[in-house]
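Close look at the chain arrangement
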Amino acid sequence: MQPAALHQEFTARVRDLATDGRGIVEHPTGQVFFVSGVWPGETARFRVSGFKQRFGFAQLVALLEPAPERVTPPCPHHGVGERDCGGCPWQFMDYRAQCVAKEHRVRKTLVRHGIDERIASLRPAPDVLGYRNRAQFKTDGRQLGFVAAGSNRLAPIKDCPILTAHNRSTLHTLLGQLPNHAWKPQRKHGWTTLDVDDDMHASEVVTNQRRPFRQGNNAQNSFMRLWLAERLQRLDPSRTVTELFAGSGNFTEVIAACGFHSIKAVEGVAESVAQLAARELPGTSALCHNLFVEAECRQLQARTADSSVLVLDPPRDGFKHIASLLPKKHGYRDVFYISCDVATFSRDLQVLLEAGLTVRELQPLDLFPHTPHVELLCWLQT
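Residues numbered from 1 in each chain as written. Predicted model: local features only at pLDDT ≥ 70, side-chain atom pairs only at ≥ 80, totals over all residues. Heavy atoms only, no water.

Considerations on the nonpolar core
Rule in force here: For the purposes of this section, nonpolar cores are sets of buried Ala, Val, Leu, Ile, Met, Phe, Trp, Tyr and Cys residues that join through side-chain atoms within 4.5 Å. Per-residue accessibility, obtained with a 1.4 Å probe over protein chains only, is compared with the maximum for each type, and a residue is labelled buried under 20%, exposed over 50%, and partly exposed between these values. Numbering of helices and strands runs from the N terminus, with a helix taken as a DSSP run of H or I at least four residues long and a strand as a DSSP run of E at least two residues long. The contact criterion used is simple: two residues touch if any of their non-hydrogen atoms lie within 4.5 Å.
In this structure, F137, L144, L174, L232 and F336 are the most contacted members of the largest nonpolar core, which totals 49 residues. In terms of residue count, the dominant contributor to this core is helix α3 (residues 218–232) (six residues). Apart from residues no more than four positions distant in its own chain, L144 is found in contact with F137, K138, T139, A155, P156, I157, L171, L174, L175, L178, W183 and L194. Counting residues in hydrophobic clusters, the runner-up holds 35 residues, among them C297, L312, F345 and L380.

Looking at the side chain of T344
Rules: The definition of a polar contact used here is a pair of N or O atoms within 3.5 Å, where within protein one atom must be able to donate a hydrogen and the other to accept one, and adjacent residues in sequence count solely through side-chain atom pairs.
Within the secondary structure, T344 is located in helix α7 (residues 342–354). Classification of T344 by relative accessible area gives buried; the value is 13%. Polar contacts involving the side chain of T344 include one to the main-chain carbonyl oxygen of R316, which spans 2.9 Å. When residues no more than four places from it in sequence are discounted, the contact partners of T344 are R316, D317, G318 and Y337.

Quick word on the sheet that holds strand β6 (residues 55–65)
We apply this condition: Any two strands between which DSSP finds at least two bridges are classified as paired.
Read across the open sheet, the six strands follow the order β1-β5-β6-β4-β3-β2; overall the sheet is mixed. Each having just a single partner strand, β1 (9–13) and β2 (16–17) make up the two edges of the open sheet. Two elements, β2 and strand β3 (residues 23–26), share two bridges in a ladder whose sense is antiparallel. Paired with D16 across the two strands is I24, which belongs to β3.

With respect to the packing of aromatic side chains
Test applied: Between 30 and 60 degrees the pair is tilted, below 30 it is stacked and above 60 it is edge-to-face, where a pair is any two Phe, Tyr or Trp rings, Trp via its six-membered ring, whose centres lie within 6.5 Å.
Here the structure, examined in full by the defined rule, presents 14 aromatic pairs. Ring plane angle 50 degrees and centroid distance 5.6 Å describe the contact between F137 and F146, whose orientation is recorded as tilted. The exposure class assigned to F146 is buried, which follows from its relative accessible area of 17%. Taken together, the ring pairs connect F10, F33, F46 and F51 into an aromatic cluster.

Observations concerning the pairing of strand β15 (residues 334–339)
Counting buried positions over the six residues of β15 gives six, a clear majority of the element. Here β15 shows two buried faces, one formed by D334, F336 and I338 and the other by V335, Y337 and S339. Direction of pairing for strand β14 (residues 309–312) relative to β15: parallel, over a ladder of four bridges. By the bridge assignment, V309 is partnered in β15 with D334.

Structure below.
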């Protein structure tokens, strides 16, 4: 059989979902293709759109057997085209089906660790719309929106139903200021960024200035903080705690409120360290260390050798140098790992298990409905 060719059409059944949420289909030749906007079990007609190494990419031409869980997307800008916003790629599916798919992915990825009985059912988001407490818009001074998935093209919007009511109002105010010469991008830049969150109004928006990081879903962040607090309260507060990727103190505040007398909160961004220090949380020392540099992690290990509790909330890349904090005779008896990426968590979990820790419980939760994103809360003990 001839290999798949560009623009060739073929019929296939979607067999699974990739980690980025796209469907996985197989060409009659056996070659694997990734397709946006489809769901496992669906049969459709596809058109080959590109190749990368052993894999290919295809576009949906026509659904022949749609999934029964398909719904009408609540956002007018949802889609997979070059002018569509790709920020919520799963809006075409019933929310319960999304949650099932996310929990399945967690269990499938972590099966090699033999901890399935420790994994709780995924906690759904209380609100599937109106939850997003922060956003970054892009604008060329004439249009405002987001960047279309897999492209460098601006996808203009007139609304965004996942934003909180406050941020949605801010968006409409900003749209009313178009065209805006002050928002035109500099040469060689495709757009200007406008960052917003629930703590500001449209009049306070500054171009190309990031807002301080915060978890994007208030209700789920409250649950995460409560989950951590309930478990820390079972521990002796005289123990020393090291917290990594502390930011400006979202979880540091929880640790301090639990009465721990010695908390070493570590962050690599000097501005965040200063903000954290300025809060003067009880028992807390704010330390600045670049956790992406192994040498600094080794220095940190010496400064935190008296800690027996570790709390970490790394970015999507996880904590590549976690082994630096876990020598053979490390003193950590309780580790709370808050992860926003299942794959990098699985990698780091293997290091923790090899260091003599075991998983006591793992709680997946949905921080961002309509996306493939999954958050994990894991408690390990020696």
